[in-house]
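Descriptive analysis of the structure
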Amino acid sequence: MLGSAALPTAAQAQAYQCAVPQGPVSVPRVERDGPVRQTPIASYTLALSWSPEYCRTRQNSARDRQQCSGESGRFGFIVHGLWPEGQGRQWPQWCPTRRPLPPAEARRNLCMTPSARLLANEWAKHGTCMVASPEAYFQTTRILWNSLRWPDYDRLSRQDGLTAGDIRQAFVQANPGWRAQQVGLVVNERGWLQEMRLCYGRDFRPRNCDSRRFGPTDSTPAKIWRGI
């Protein structure tokens with residue numbers, strides 16, 4: 001079972017048996033993929049990728065080796081990123097900085113986000129618009145991540161007639177401070193769970209998601225790939 005076998009109440013259990021590679025961590029150079037936008041922050045999204053679905057066709061990908069090969073452990077949810085949101089459909093991104101992600105900080109977070117490339121990209125694209133240093137950005141991310149508790153999504157995946165609402169309700173039951181309206185989901189075109197997007201206000205307290213982040217309605221059929 002993924003994500004709840006060893007430490008069923010801790011978010012870190014989503015990366016049970018995680019092993020950080022020996023030797024130095026190489027942090028790739030990040031290329032900007034869009035315009036610089038320095039707009040006021042109205043809220044935040046903690047985007048969590050369901051690793052079994054992401055790795056479904058990437059077990060032999062050199063780029064995704066840390067996350068998908070199984071050499072460093074198996075993962076359930078991992079942190080895709082902590083994103084500042086603006087008003088409406090605008091959000092800040094790619095804010096100027098001279099602070100690259102240090103290899104030591106990348107290493108510190110590899111069991112939360114098992115990809116130095118993704119960590120570097122999230123700092124450069126999103127974190128730079130929030131705080132002055134990558135250390136502060138990932139500390140905030142870890143605090144939010146470690147506050148979460150996870151239901152048994154392996155068991156839930158076997159439920160007949162599973163819906164997006166069932167996935168939300170399972171999370172809410174494990175996290176009493178949350179409501180279903182604050183839990184966004186991404187379900188891919190084949191109907192499989194791809195991401196969970198938790199919505200926060202500027203005070204980092206749970207907040208109702210807008211329609212863009214909420215995703216499929218509760219009645220939408222959904223499936224959870226277990227990766228085994």
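As a starting point, this report considers the structure included with it. Fair warning: this is a prediction, and the values are worked out from it, not measured in the lab. (Residues numbered from 1 in each chain as written. Predicted model: local features only at pLDDT ≥ 70, side-chain atom pairs only at ≥ 80, totals over all residues. Heavy atoms only, no water.)

Focus on the packing of aromatic side chains
Inspection of the entire model under this criterion finds 13 aromatic pairs. Taken together, the aromatic side chains of Trp50, Phe77, Trp145, Trp150, Tyr153, Phe171, Trp178 and Tyr200 make up a single cluster linked through ring pairs. The ring centre of Trp225 lies 3.7 Å from the NZ or CZ of Arg56, which sits over that ring. Stacked on the ring of Phe214, the Lys or Arg Arg168 has its end atom at 3.7 Å from the ring centre. (Phe/Tyr/Trp six-rings, centres within 6.5 Å; stacked < 30°, edge-to-face > 60°. Lys NZ or Arg CZ within 6 Å of the ring centre and 35° of its normal.)

With respect to the state of the cysteines
Under the definition given, this model contains 4 disulfides. Disulfide pairing is shown between Cys55 and Cys68; the S-S distance is 2.0 Å. On the sign convention where negative means left-handed, the S-S torsion of about -70° between Cys55 and Cys68 marks this disulfide as left-handed. Placement of Cys55 in the loop between α1 (51–54) and α2 (65–68) and of Cys68 in helix α2 is noted, with a sequence separation of 13 residues between them. Relative accessible area serves as the criterion here: at 8%, Cys68 is assigned to the buried category. The disulfide partner of Cys95 is Cys129, and the S-S distance across this bridge is 2.0 Å. In this structure the cystine formed by Cys95 and Cys129 twists about its S-S bond by roughly 105°; its chirality is therefore right-handed. (Disulfide = S-S within 2.5 Å. Helix = DSSP H or I, 4+ residues; strand = E, 2+ residues; numbered from the N terminus. Buried < 20%, exposed > 50% of the residue type's maximum accessible area, 1.4 Å probe, protein only.)

As for the pattern of salt bridges
Counted under the stated rule, the structure contains 15 salt bridges. Between Arg65 and Glu71 there is a salt bridge, with the nearest N and O atoms lying 2.8 Å from each other. The network of salt bridges with common partners includes Glu53, Arg56 and Arg190. (Salt bridge = Lys/Arg side-chain N within 4 Å of Asp/Glu carboxyl O.)

Description of the packing of helix α4 (residues 116–125) against helix α5 (residues 134–146)
Between α4 and α5, the shortest axis-to-axis distance is 10 Å and the interhelical angle comes to 105°. In terms of orientation, α4 lies roughly perpendicular with respect to α5. The residues of α5 that touch α4, namely those facing Leu119, Glu122 and Trp123, are Pro134, Tyr137 and Phe138. Of the residues assigned to the contact of α4 with α5, the class counts are 5 nonpolar, no polar and 1 charged. (Axes fitted to C-alpha atoms, helices over the stretch in contact; angles between N-to-C directions. Parallel < 35°, antiparallel > 145°, perpendicular 65-115°, else oblique. Contact = heavy atoms within 4.5 Å. Nonpolar A, V, L, I, M, F, W, Y, C, P; charged D, E, K, R; others polar.)

Observations regarding unusual backbone geometry
Located in the positive-phi region is Trp94, a residue other than glycine, with phi close to 50°. When you line up the elements, Trp94 lands in the loop between β2 (77–85) and α3 (103–108). One non-glycine residue, Phe204, lies in positive phi territory at about 65°. Turning to its location among the elements, Phe204 is positioned in the loop between β4 (193–201) and α8 (211–214).

Observations regarding the nonpolar core
Core analysis: the biggest nonpolar cluster contains 42 residues, and Leu48, Leu148, Tyr153, Ile167, Met196 and Leu198 have the highest contact counts within it. Mapped by element, the contributors of at least two residues to this core are β1 (43–50), β2, α4, α5, α6 (153–157), α7 (164–174), β3 (183–187) and β4. At 5 residues, α7 tops the list of elements feeding residues into this core. Counting 5 residues, the second-largest nonpolar core is a separate cluster that includes Cys18, Phe75, Ile78 and Cys111. (Core = buried A, V, L, I, M, F, W, Y, C linked by side-chain atoms within 4.5 Å.)

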